[in-house]
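Spelled out from the first residue to the last, the chains are:
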Amino acid sequence: MVTSFLGDDKRYADGLVAVFIIRLCAVFMIKNLHAVVICAIDPAHDWKLTMLDLHYCEIRIQDGIACIYLNNPPVNALSEGLRNEIHAVLTHAATDHTIRALVFLTHDLPFSAGADIKEFSGPMKGKFFLDFYQAIEALDKPVIMGIRQYALGGGLEFCMMAHYRIAHRDARLGLPEVKLGLIPGGTGTMSLPRLVGVDAALSMAVSGQPVSAQSALEMGLIDAIAASDLESTCIEFAQKQLDKSEHQWLSPLHRPNPAVPSADYFQKKKAEYDAQFQGFKAPLRLLACIEASTSLPIDAGLRFEQTQFMELITGDDAAGMRYGFFAQRLASHVPGVRLDQALTISQVGVIGGGLMGAGISIALLMKGFSVVCVEADPERVAHCRTGIEQQVAKSVHAGKLTLSDSKSLLARLQVTQSIADVAQCDCVIEAVFEKMSLKLEIFKELDSLCAPHTILASNTSGLDLNTIAAATQRPEKVIGLHFFSPAHVMRLLEIVRGQVTSAETLATGLALAKQLKKIGVVVGVCPGFVGNRMIFKYFSQVVWLLLRGCKPQQIDHAVQQFGFAMGPCAMADMSGLDIWVHANPGERSLIHTLVEAGRCGQKTQAGFYDYTKGKKTPQPSSVADGLITDYARSSAIQPQSFTDAEIVKRLLCALIHEGLHILEEGIVSRASDIDTIYVHGYGFPIYRGGPMFYADQMGLSVLRDQLSHYRSEAEASWSEVPLLDEIIASGKPLHKFQVVSPEQKS
Ligand code: COA
């Protein structure tokens, strides 16, 4: 239905009617085109074509070049609506003789973050990538892609169907599908190797990491870089193509099959991926597709890719990773907290120049903050600075930082012995030893030193933040920022909200996490917060199993087979058994016995395992096994035998059980926050979603029965969880559970 006639100047209206009718007729002849086309001539005599009901694109035609601006904020996900409109434009262009070339662009938005991941959980509807490909095939006109900010996944696949690609110099291009348990399923595994060769295509797609515009140009992925104005560069490029006397527009998909790098190339890669990507399905499917690109004709290759993609997208792994993608982003949406409330932070103080303090300092420096790091021990000041410098040098060596950037980064660092030097900082993060009296002293001092706007943060991994906040006159500005070691590497950041922490302080913590490219999850105050509290419960069941005859290597093997990055015994040895004892002072256990025998873990070359000096590989230890057996005997515990599946079930149930209590107490806003913490901080296999997501896959009634069975063995460890009954009664999945805060209730 035609609802309006566009044209700023009425003088052009009459002359336009004829053109309008002709074009309208053409449009109605195009199958599946839902839009109505209206034409107008603007005062500059340029064609301006607008499709009514085009919500996701805008078109401008000038001198026969149609610029199509994709507009689906925030990231131009290729959702059904946008896909249908792109297809409609492509099919329209085939019959519109005023259009001689097409340039796909964006105004300010990124080119595209790829397929709309939200649509992956239901049946796929509307036009797809193969439809784009066929529509481009049917065009006897050059199609040029102008890539701003990024073209990822399906966004890049769409670009690779086109005849030419031009990227802004700051743009990044990538195929991150493996991070969602998928492969590029929209022609990408066939086009990328044809453009850049098999080896480069494989390493780009298997890492999921985007490449810069410069690298893309060097590898042949794009045809040109726009140094400044992307749009005019694309239009000039299109004009040059039209000016050529010979026209042949060839999609990369029609290039010959790419060459195989060597006779045993794919065999070697398969062996490498089998070892490197244990538990992950997508990398091997990707390899199979890239291999197919070297031998199959294009249509058969595309069908092969489709089959692989469909098998992956309907599987549990992709469901778990997709859930993880949204869970991670949901974590930054905290009820009652808006990110625009965040205060601006530019200079940060870090109290403590040990491993954690230095790691936090590096993380901050890398993202452009100025840092004042306070190390009270005069002998450790130089050590702290050297440690930071060495880490920065490593980044330069690895090509992650230029030498000149590293110099300006270090110029923003001050390492000092005087706490008074943090007086001008916008935020101060305390990262000293886990001793409450020491932390209270430091917070009192900071409170009197710092400006009223300064946020005071503690990196405590489990002490009571409310007690720390109460030591200051600004408890609403006190927050926990629990970094994980090594702090410049690990992405998880538990943001601890005290009883009176303000929304503004929380928003600042969340914004800081985003600036540091970390995954911030807001948690409430309880011993160990979320991650460590759950790991204590998990670890108590590890001890339970050890005392009943399981060997550390059996437990670690079972857990690693499930997909954990590391088994609990090796992990405890790495972090130090003495740390565990320190964190659980009241409770005497097997671990105290090991520590008293000098077995603190890797640091003493003896823990659950033995270690050779300077090496981190755990070796089974007859000494540790003997100590465990003696402890069990003295506690009158009878040995039993357990299968790997029973071990894994018990340990997962321990995590889920504690997670349910955490939800009951309202320590997190939602179940998915627990999963985000576990996947990004504790090595839970990403393709299994997280413990709470896994509970749904187990079946909540099965879980309830299992917990009752464990309770019948040891009531104290497996207390009742009424919340589980409520969730089962509601018929809703646990991983979607949201905590209703008292404010929301009222
Ligand atoms: N489909 C649907 N939604 C998407 C999306 C996609 N492909 N990519 C991003 N989004 C959404 C996010 O969920 C988020 O929504 P929210 O604001 O409601 O939380 C919003 O877009 C912004 O994303 P965010 O990740 O917070 O922004 P960013 O600027 O930090 O990162 C990207 C942007 C594109 C780099 C990042 O979102 C990303 O990697 N997306 C996935 C890309 C991908 O895997 N594409 C292939 C799909 S098969």
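Quantities reported herein were computed from a predicted structural model and do not represent experimental measurements.

1. As for the sheet that holds strand β9 (residues 172-174)
Then step 1. Here 3 strands make up an open sheet; going across it, the order is β7-β9-β10 and the pairing mixed. The open sheet has two edge strands with one neighbour each: β7 (150-152) and β10 (211-212).
Then step 2. Examined bridge by bridge, β9 and β10 share 2 bridges and lie antiparallel to one another. In the strand pairing of β10, Arg-172 is matched with Ser-212.
Then step 3. Where helix α4 (residues 154-161) meets the sheet, it contacts β7 and β9, and its direction lies at approximately 95° from that of β7.

2. A few points about the site of the ligand
Then step 1. Every one of the 20 residues lining the ligand counts as a neighbour, but Ala-113, Ala-115, Ile-117, Arg-329 and His-333 are closest to it.
Then step 2. Between the ligand and the protein, one listed contact pairs a nitrogen atom with a backbone N or O atom of Ala-113 at 2.8 Å.
Then step 3. A distance of 2.9 Å is found between a nitrogen atom of the ligand and a backbone nitrogen or oxygen belonging to Ala-115.
Then step 4. Across the complex, the protein chains shield 71% of the 860 Å² of accessible surface that the ligand would expose by itself.
Then step 5. Looking at the shell around the ligand, the elements with two or more residues in it are β7 and α12 (316-330).
Then step 6. For the shell around the ligand, a count of residues per class yields 13 nonpolar, 2 polar and 5 charged.

3. Brief notes about helix α9 (residues 265-276)
Then step 1. Taking 1.5 Å of rise per residue, 12 residues should cover 16 Å, and α9 covers 16 Å from first to last C-alpha, within 8% of that figure.
Then step 2. Taken residue by residue, α9 has Tyr-265, Phe-266, Lys-269 and Tyr-273 as its buried positions. Relative to the axis of α9, the buried residues are bounded by an arc of 80° and lie together on one face. Residues Gln-267, Lys-268 and Ala-275 are exposed on α9 and point more than 90 degrees away from its buried face.
Then step 3. Looking at the packing, one finds that the buried side of α9 touches α6 (198-207) and α10 (282-295).

4. As for the pattern of salt bridges
Then step 1. Tallied over the full model, the rule gives 26 salt bridges.
Then step 2. For Arg-338, the salt bridge is made with Asp-340, and the minimal N-O distance between the two is 3.0 Å.
Then step 3. Between Glu-596 and Arg-588 there is a salt bridge, with its nearest N and O atoms 2.9 Å apart.
Then step 4. For Glu-596, a relative accessible area of 57% gives the class exposed.
Then step 5. Each of Glu-430, Glu-434 and Lys-439 takes part in salt bridges that share partners, so that together they form one network.

5. Comments concerning the packing of aromatic side chains
Then step 1. All told, the structure shown has 22 aromatic pairs when counted by the stated rule.
Then step 2. Measuring from centroid to centroid gives 5.1 Å for Tyr-265 and Phe-266, while their planes differ by 90°, and the two rings are edge-to-face.
Then step 3. On the basis of an interplanar angle of 85° and a centroid distance of 6.4 Å, the ring pair of Phe-536 and Trp-580 is categorised as edge-to-face. One end of the pair, Phe-536, is in helix α19 (residues 531-547); the other, Trp-580, is in helix α22 (residues 577-583), and 44 residues separate them in sequence.
Then step 4. Given a relative accessible area of 22%, Phe-536 falls into the partly exposed group.
Then step 5. For Trp-580, a relative accessible area of 12% corresponds to the buried category.
Then step 6. Put simply, the rings of Tyr-538, Phe-562, Phe-564, Phe-684 and Tyr-694 touch in pairs and so form one group of aromatic residues.
Then step 7. The cationic tip of Lys-537 hangs over the ring face of Trp-718; the distance from NZ or CZ to the ring centre is 4.5 Å.
Then step 8. Positioned above the aromatic ring of Trp-544, the side-chain terminus of Arg-548 is 4.0 Å from the ring centre.

6. Things to note about the pairing of strand β15 (residues 427-430)
Then step 1. Residue alternation in β15 divides its side chains into two sets, Cys-427 and Ile-429 and Val-428 and Glu-430, and both sets are buried.
Then step 2. In this fold, β15 hands off to helix α16 (residues 436-449), which returns the chain to strand β16 (residues 455-458); that crossover is right-handed.

7. Re the side chain of Ser-621
Then step 1. Following the sequence through the fold, Ser-621 ends up in the loop between β21 (619-620) and α24 (622-634).
Then step 2. A relative accessible area of 1% places Ser-621 in the buried class.
Then step 3. There is a polar contact of 2.9 Å between the side chain of Ser-621 and the side chain of Arg-599.
Then step 4. Among the polar contacts made by the side chain of Ser-621, one reaches the main-chain amide nitrogen of Val-623 at a distance of 3.3 Å.
Then step 5. Setting aside residues up to four positions removed in sequence, Ser-621 forms contacts with Arg-599, Phe-608, Tyr-609 and Asp-610.

Definitions and limits used
Residues numbered from 1 in each chain as written. Predicted model: local features only at pLDDT ≥ 70, side-chain atom pairs only at ≥ 80, totals over all residues. Heavy atoms only, no water. Pairing = 2+ DSSP bridges. Helix = DSSP H or I, 4+ residues; strand = E, 2+ residues; numbered from the N terminus. Contact = heavy atoms within 4.5 Å. Axes fitted to C-alpha atoms, helices over the stretch in contact; angles between N-to-C directions. Near = heavy atom within 4 Å. Polar contact = N/O pair within 3.5 Å; in protein donor to acceptor, adjacent residues only side chain to side chain. Areas by Shrake-Rupley, 256 points an atom, 1.4 Å probe, with all protein chains shown as cover. Nonpolar A, V, L, I, M, F, W, Y, C, P; charged D, E, K, R; others polar. Expected span 1.5 Å × (residues − 1). Buried < 20%, exposed > 50% of the residue type's maximum accessible area, 1.4 Å probe, protein only. Arc of directions from axis to C-beta. Salt bridge = Lys/Arg side-chain N within 4 Å of Asp/Glu carboxyl O. Phe/Tyr/Trp six-rings, centres within 6.5 Å; stacked < 30°, edge-to-face > 60°. Lys NZ or Arg CZ within 6 Å of the ring centre and 35° of its normal. Right-handed = clockwise from strand over helix to strand, strands pointing away.

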